[in-house]
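Here is what each chain is made of, one letter per residue.
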Amino acid sequence: NKGELIDFNSQDFRLPIASIISFRRDKIMSTTKVNGGRGSVKEIYGFDDWQITINGFLIPDASQPQGLKNPLQQEKELIKWDNCASRVDVFGELFSVRGIKSLTIKGINFEPLRGKPNIRAFTINALSDGPIELDIKSWI
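This is a predicted model, so every value here is computed, not measured.

Caption draft 1: Just the sheet that holds strand β7 (residues 116-129), in detail. On the basis of which strands lie adjacent, the open sheet formed by five strands has the order β1-β4-β7-β6-β5 and antiparallel pairing. Single-partner strands in this sheet number two, and they are β1 (19-24) and β5 (88-89). As paired elements, strand β4 (residues 51-58) and β7 share eight bridges and run antiparallel to each other. Each residue of the ladder has a partner; that of Gln-51, found in β7, is Leu-127.

Given below as structure tokens:
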């Protein structure tokens, strides 16, 4: 509230069972049209961050390992993660196969479902994140 960053440790959080994760990544490239020919010349400089979308439902879940058994408790925990101004470490096969060890949450959305008062849909939009190493060499 005061614009100050504070350090805090939070417990692990398992995404709700009814979650689906999609991944998308673009290449960083420039294209130059060929005059008098067909197509273009592509110069590829690297890869952009993974764009990650997590869609799911907050449902009553007696097996939730952190004890967040009802949708409101789960929503409150997701809001805590969304309030984090830093990257969030993640693990799981879907992340590790893409080399993703942490992500930054861009935004989160909660939607009620008509006729289902104890179920809430959610969407998390995130980007893959990680430390950028600065290598300074001495020329002396």
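Caption draft 2: Molecular detail of the packing of aromatic side chains. Applying the stated criterion across every chain yields a total of two aromatic pairs. Each ring, one from Phe-23 and one from Trp-50, has its centre 6.1 Å from the other, and the planes form 85°; the classification is edge-to-face. Of this pair, Phe-23 sits in strand β1 while Trp-50 sits in the loop between β3 (40-47) and β4, placing them 27 residues apart in sequence. Residue classification places Trp-50 among the buried residues on the basis of a relative accessible area of 16%. Ring centres of Phe-23 and Phe-95 lie 5.6 Å apart, and the angle between their planes is 80°; this geometry places the pair in the edge-to-face category. In this pair, Phe-23 is assigned in strand β1 and Phe-95 in helix α2 (residues 93-96), connecting sequence segments 72 residues apart. For Phe-23, a relative accessible area of 17% corresponds to the buried category. Relative accessible area serves as the criterion here: at 7%, Phe-95 is assigned to the buried category. Taken together, the ring pairs connect Phe-23, Trp-50 and Phe-95 into an aromatic cluster. Over the aromatic face of Phe-47 sits the side chain of Arg-25, whose NZ or CZ is 4.2 Å from the ring centroid. Over the ring of Phe-23 we find Arg-98; its NZ or CZ atom is 3.9 Å from the centre of that ring.

Caption draft 3: The arrangement of the pairing of β7 in detail. The sheet contact formed by strand β6 (residues 102-113) and β7 spans eleven bridges and is antiparallel. Paired with Leu-103 across the two strands is Ser-128, which belongs to β7. What sits between the antiparallel neighbours β6 and β7 is a turn of two residues, in which Gly-115 has the positive phi angle 80°.

Caption draft 4: Main features of the side chain of Gln-74. Considering the arrangement of structural elements, one finds Gln-74 in helix α1 (residues 71-82). Ignoring sequence-local partners within four residues, the contact set of Gln-74 consists of Phe-13, Pro-16, Leu-58, Ile-59, Asp-61, Leu-68 and Lys-69.

Caption draft 5: Seen up close, the pattern of salt bridges. Per the counting criterion, the structure on display carries four salt bridges. Salt-bridge contacts for Arg-14 lead to Asp-61; the nearest nitrogen and oxygen are separated by 2.7 Å. With Arg-14 in the segment before β1 and Asp-61 in the loop between β4 and α1, the pair connects residues that are 47 residues apart, well separated along the chain. Relative accessible area serves as the criterion here: at 8%, Asp-61 is assigned to the buried category. The salt bridge involving Arg-24 is made with Asp-26; its shortest N-O contact spans 3.2 Å. Judged by relative accessible area, which is 30%, Asp-26 ranks as partly exposed.

What counts and how
Residues numbered from 1 in each chain as written. Predicted model: local features only at pLDDT ≥ 70, side-chain atom pairs only at ≥ 80, totals over all residues. Heavy atoms only, no water. Pairing = 2+ DSSP bridges. Helix = DSSP H or I, 4+ residues; strand = E, 2+ residues; numbered from the N terminus. Phe/Tyr/Trp six-rings, centres within 6.5 Å; stacked < 30°, edge-to-face > 60°. Buried < 20%, exposed > 50% of the residue type's maximum accessible area, 1.4 Å probe, protein only. Lys NZ or Arg CZ within 6 Å of the ring centre and 35° of its normal. Contact = heavy atoms within 4.5 Å. Salt bridge = Lys/Arg side-chain N within 4 Å of Asp/Glu carboxyl O.

So, to be careful, I would describe these as geometric facts and stop short of saying anything about function.
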